[in-house]
Amino acid sequence: MEKVLVTGADGFIGSHLVDLLLAEGYEVRALSQYNSFNYWGWLDDVSHPRLEVVCGDVRDGDFCRHITRGCDTVLHLAALIAIPYSYVAPDSYVDTNIRGTLNMCQAARDCGVRRIVVTSTSEVYGTAQYVPIDEKHPRQPQSPYSATKIGADAIAKSFYNAFGLPVVIARPFNTYGPRQSARAIIPTIITQIADGAREIKVGDLTPTRDFNYVKDTCRGFLALATAEGIEGEEINICTGTEITMADTLQMIARLMDADVKWVQDEQRMRPRKSEVFRLLGDNNKITSLTGWSPQYKLEDGLRETIAWFTCRENLAKYKSGIYNQ
């Protein structure tokens, strides 16, 4: 039975990926960031005989080698991802995103893994210079976060070129779904409506995004972990469709049967040159190499997401009145 290490397993996408791997019969070692409370994030309520949860930090190279030993495949998702917080604490993004990726690549090389999938982001492309955005699109560091992810991608690619590390760079576009941080646009709209707000605080609603439901994103990761002959490739995981933030808000309000209006909140606005105004991905590469294609339409994914967030137990975990960077 193949053993898979998932870093960042306690987070939004990582926890869903653990669910998928267990359902598919894999043995999973899941990394949760160390804390003194023994809190495992979204894995706290998961119990499975093939799941091993370990606590630690990807910023420690020796620890990364320790957790990689005995694993066939590494899915490296651990990262700081909040763009607004990267304006406040860029040093921490360099440490976690760049050095953490360096440590995991070194560990994968030392331990002789079959495949390491390193997680990138569509933010590395910045505002589209052309659409759909394929993997050859120029990189544009429009935030400290995206700059560190560009750096992490370069580290991973250098290990493939210099040492033959069997690495694949997965580049998911805007993933949404249950368990997502309320900092993101879709959860912030849903949670405010669910808590009874009729004036929804938002940032700029003019940008477009290529929203990908989390279950489709995780299927993409699994496809990139198992496909043959794709080492060294950078591969988008996206739907090939786009929608404005404003139309997304209106769709959510309609699905929640809510009569709301939006109010622009300055603290949710990115600096003008840092905003990514258009993202529309090209998924031809992942489709041709792996056969993957998105299964969820946006409205169907939103229905599942709304159902999860409006469950009282889940909604109680969020503070919709506080903007979380």
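Calculation rules
Residues numbered from 1 in each chain as written. Predicted model: local features only at pLDDT ≥ 70, side-chain atom pairs only at ≥ 80, totals over all residues. Heavy atoms only, no water. Helix = DSSP H or I, 4+ residues; strand = E, 2+ residues; numbered from the N terminus. Rg over C-alpha atoms; globule rule 2.2 N^0.38 Å. Buried < 20%, exposed > 50% of the residue type's maximum accessible area, 1.4 Å probe, protein only. Contact = heavy atoms within 4.5 Å. Areas by Shrake-Rupley, 256 points an atom, 1.4 Å probe, with all protein chains shown as cover. Lys, Arg positive; Asp, Glu negative; His and termini not counted. Charge placed at Lys NZ, Arg CZ, Asp CG, Glu CD. Axes fitted to C-alpha atoms, helices over the stretch in contact; angles between N-to-C directions. Parallel < 35°, antiparallel > 145°, perpendicular 65-115°, else oblique. Left-handed = near helix turned anticlockwise from the far one by under 90°. Nonpolar A, V, L, I, M, F, W, Y, C, P; charged D, E, K, R; others polar. Salt bridge = Lys/Arg side-chain N within 4 Å of Asp/Glu carboxyl O. Phe/Tyr/Trp six-rings, centres within 6.5 Å; stacked < 30°, edge-to-face > 60°. Core = buried A, V, L, I, M, F, W, Y, C linked by side-chain atoms within 4.5 Å. Patch = residues over 30% accessible without salt bridge, like charges linked within 9 Å, V, L, I, M, F, W, Y side chains within 5 Å. Polar contact = N/O pair within 3.5 Å; in protein donor to acceptor, adjacent residues only side chain to side chain. pLDDT = per-residue confidence, 0-100.

**Topic: the overall build of the chain**
- Scanning the chain for helices and strands turns up eleven helices and 13 strands.
- For 325 residues, the compact-globule estimate of 2.2 N^0.38 gives 20 Å, and the chain sits close to it at 19 Å.
- Projected onto the principal axes, the alpha-carbon positions of the chain cover approximately 55 × 45 × 40 Å.
- When the 325 residues of the chain are sorted by exposure, 55% land in the buried category.
- Contacts in the chain between residues far apart in sequence, at least 24 positions, make up 79% of those at least 6 positions apart.
- With the model as given, the accessible surface of the chain reaches about 14,100 Å², and the carbon-plus-sulfur share is 49%.
- Of the charged side chains in the chain, 35 are positive and 40 negative; the average position of the first set lies 2 Å away from that of the second.

**Examining the environment of isoleucine 237**
- Along the chain, isoleucine 237 falls in strand S11 (residues 234-237).
- For isoleucine 237, a relative accessible area of 0% translates into the label buried.
- Distance from isoleucine 237 to threonine 217, taken between C-alpha atoms, is 6.5 Å for residues 20 residues apart in sequence.
- In this structure isoleucine 237 touches Ala170, Arg171, Pro172, Phe173, Asn212, Thr217, Gly220, Phe221, Leu224, Ile286 and Trp292, once residues within four positions along its chain are discounted.

**A closer look at the packing of helix H2 (residues 61-68) against helix H4 (residues 90-111)**
- Interaxial distance between H2 and H4 falls to 8 Å at its minimum, and their mutual angle equals 45 degrees. If you check the angle between H2 and H4, you find them oblique. In this structure, H2 meets H4 at a crossing whose hand is right-handed. Contacts from Gly61, Cys64, Arg65 and Thr68 in H2 reach Asn103, Met104, Ala107, Ala108, Asp110 and Cys111 in H4.
- Tallied by class, residues from the contact of H2 with H4 come to five nonpolar, three polar and two charged.

**Considerations on the pattern of salt bridges**
- All told, the structure shown has 23 salt bridges when counted by the stated rule.
- A salt bridge links aspartate 19 to arginine 179; the shortest N-O distance between them is 3.0 Å. Of the two residues, aspartate 19 sits in helix H1 (residues 12-23) while arginine 179 sits in the loop between strand S7 (174-176) and helix H6 (185-194), which places them 160 residues apart along the sequence.
- By relative accessible area, which is 27% here, aspartate 19 ends up partly exposed.
- A salt bridge links lysine 285 to glutamate 233, with the shortest nitrogen-to-oxygen separation between them at 2.7 Å.

**As for the packing of aromatic side chains**
- One pass over the full model with this rule turns up eleven aromatic pairs.
- Aromatic pair tryptophan 42 and tryptophan 308: ring centres 5.5 Å apart, planes at 70 degrees, arrangement edge-to-face. With tryptophan 42 in the loop between strand S2 (27-33) and strand S3 (51-56) and tryptophan 308 in helix H10 (residues 298-309), the pair connects residues that are 266 residues apart, well separated along the chain.
- Here tryptophan 42 falls in the partly exposed class, since its relative accessible area comes to 25%.
- Centroid distance tyrosine 176 to phenylalanine 211: 6.1 Å. Interplanar angle 85 degrees. Geometry classified as edge-to-face. Of the two residues, tyrosine 176 is situated in strand S7 and phenylalanine 211 in strand S10 (residues 211-213); the sequence distance between them amounts to 35 residues.

**Considerations on the nonpolar core**
- Formed by 62 residues in total, the largest nonpolar core has its most connected members in Val6, Val18, Leu21, Val28, Leu75 and Ile252.
- If sequence neighbours within four positions are ignored, valine 6 has contacts with Gly14, Leu17, Val18, Leu21, Val28, Arg29, Ala30, Leu31, Leu75 and Leu77.
- One finds Cys64, Val74, Met104 and Phe159 within the second-largest nonpolar core, a separate group that totals 22 residues.

**What about a nonpolar patch on the surface?**
- Where nonpolar side chains cluster on the molecular surface, the patch consists of Tyr85, Tyr87 and Val88 and spans about 270 Å² of accessible area.
- Among the structural elements, valine 88 can be located in helix H3 (residues 83-88).
- Take valine 88: its relative accessible area is 54%, and that puts it in the exposed class.

**Some remarks on the side chain of aspartate 204**
- Note on placement: aspartate 204 falls in the loop between strand S8 (199-202) and strand S9 (208-209).
- For the buried aspartate 204, no salt bridge is present, and the opposite-charge side chain at shortest range is arginine 272, 4.0 Å distant.
- A polar contact is formed between the side chain of aspartate 204 and the side chain of threonine 206, at a distance of 2.7 Å.
- Non-local contacts of aspartate 204, meaning those with residues more than four positions away in its chain, are made with Met245, Gln264, Met269, Arg272, Glu275 and Phe277.

**Regarding the packing of H1 against helix H7 (residues 214-226)**
- Running from N to C, H1 and H7 cross one another at 65 degrees; their axes reach a closest spacing of 9 Å. Between H1 and H7, the interaxial angle falls into the category roughly perpendicular. As for how H1 packs across H7, the hand of that crossing is right-handed. Of H7, the residues touching H1 (which contributes Phe12, Ile13, His16, Leu17, Leu20 and Leu21) are Val214, Thr217, Cys218, Arg219, Phe221 and Leu222.

**Looking at the confidence of the model for the chain**
- Mean pLDDT over the chain works out to 96, with 99% of the residues at or above the 70 mark.
- The secondary structure element of the chain with the lowest average pLDDT is strand S13 (residues 261-264), at 88, and the one with the highest is S11, at 99.

**Points about unusual backbone geometry**
- A cis amide bond links valine 131 to the next residue, proline 132, at an omega of -10 degrees.
- In this structure, arginine 179 is a non-glycine residue whose phi angle is positive, near 80 degrees.
- Of the residues examined, arginine 179 reaches a relative accessible area of 18% and is grouped as buried.
- Its identity as a non-glycine residue notwithstanding, aspartate 257 has a phi of 50 degrees, on the positive side.

**Digging into helix H8 (residues 245-255)**
- Residues of H8 that are buried: Met245, Thr248, Leu249, Met251, Ile252, Ala253 and Leu255.
- Phi for aspartate 257, located one or two positions after H8, is positive at around 50 degrees.

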